[in-house]
Amino acid sequence: YIYFIENCEGSDYYMTFDLYKAPVSNPADAVKIDSKVSNFRILDNNNVIYLRKQVLYYHDGENKLKFGKNVLQYNLDEDQRNVMWMERDSGYKMTLYYQPLNQEEKKIELISDVESYRYYYDDNLENIYVLDDNIIYKLSADTKKEKLIKKVEDLASCNPETGTMYFTRESKDEMELYY
């Protein structure tokens with residue numbers, strides 16, 4: 001199959017389009033997946049995950065499954081079987097969710113009321129690190145959130161595979177970098 005877009009609208013900053021899927025042998029048999037799409041990713045199994053008006057969808061070739069609304073970003077695991085996404089709640093607060101693409105299991109709320117939309121994760125979405133209220137948490141879909149480090153100003157960088165991270169703390173009148 002091939003995917004293609006038509007009817008692009010918008011600006012350099014934000015663009016929407018109609019998303020189509022067609023057999024390589026006969027592009028004239030194209031089927032419209034959706035309109036007003038702003039982002040999409042073709043998966044290894046030829047299915048597609050996409051954003052339409054900040055709503056996250058998965059199209060499996062026949063059905064369109066809805067995941068979340070007010071979605072800011074999403075990530076897939078290495079096997080493309082699970083998705084993690086961040087939704088804007090109210091104001092500057094956000095919630096991070098996790099769910100299998102086939103939706104055989106309910107979505108899991110990993111953490112809520114987060115002010116930072118920067119988080120780090122490994123290829124399998126098994127080790128997720130996020131800074132919230134000056135605390136670095138380690139999250140995973142099968143366990144509760146675990147407090148790792150308190151009194152953190154900024155989580156500058158993190159390698160979720162090893163757990164190595166760089167963060168800053170305020171100390172008197174200066175900022176200190178920790179490893």
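See the structure above.
These figures come from a predicted structure and were not determined experimentally. (Residues numbered from 1 in each chain as written. Predicted model: local features only at pLDDT ≥ 70, side-chain atom pairs only at ≥ 80, totals over all residues. Heavy atoms only, no water.)

S.K.: Could you give an account of the pattern of salt bridges, with specific residues and numbers?
M.R.: In this structure the tally under the stated criterion is 5 salt bridges. We note a salt bridge from Lys32 to Asp18, for which the minimum N-O separation is 3.7 Å. Of this pair, Lys32 sits in strand E3 (residues 31-42) while Asp18 sits in strand E2 (residues 15-22); the two residues are 14 residues apart in sequence, bridging distant segments of the chain. Among the salt bridges present, the one from Asp34 reaches Lys64, with a minimum N-O distance of 3.1 Å. (Salt bridge = Lys/Arg side-chain N within 4 Å of Asp/Glu carboxyl O. Helix = DSSP H or I, 4+ residues; strand = E, 2+ residues; numbered from the N terminus.)

S.K.: Can you lay out the nonpolar core for me, pointing to particular residues and giving the numbers?
M.R.: Core analysis: the largest hydrophobic core is formed by 15 residues, its most contacted members being Leu96 and Leu139. Those elements giving two or more residues to this core turn out to be strand E8 (82-88), strand E9 (94-100), strand E10 (108-114), strand E12 (128-132) and strand E13 (135-140). Not counting chain neighbours up to four residues away, the residues in contact with Leu139 comprise Leu96, Leu110, Ile111, Glu126, Asn127, Ile128, Val130 and Lys145. In this structure, Leu43, Ile49, Leu56 and Trp85 belong to the second largest nonpolar core, which totals 13 residues. (Core = buried A, V, L, I, M, F, W, Y, C linked by side-chain atoms within 4.5 Å. Buried < 20%, exposed > 50% of the residue type's maximum accessible area, 1.4 Å probe, protein only. Contact = heavy atoms within 4.5 Å.)

S.K.: Can you tell me about a positive patch on the surface, naming the residues and giving the values?
M.R.: Together, Lys145, Lys147, Lys150 and Lys151 line one region of the surface with positive charge. Along the chain, Lys151 turns up in the loop between strand E14 (143-149) and strand E15 (154-159). (Patch = residues over 30% accessible without salt bridge, like charges linked within 9 Å, V, L, I, M, F, W, Y side chains within 5 Å. Areas by Shrake-Rupley, 256 points an atom, 1.4 Å probe, with all protein chains shown as cover. Lys, Arg positive; Asp, Glu negative; His and termini not counted. Charge placed at Lys NZ, Arg CZ, Asp CG, Glu CD.)

S.K.: Which residues make up unusual backbone geometry, and what are the values?
M.R.: The backbone phi angle of Asn7 is positive, close to 55°, even though this residue is not glycine. Here Asn7 shows up in strand E1 (residues 2-10). Judged by relative accessible area, Asn7 falls into the partly exposed class, the value being 48%. Backbone geometry places Lys151, a non-glycine residue, at a positive phi of 60°. Classification of Lys151 by relative accessible area gives exposed; the value is 68%.

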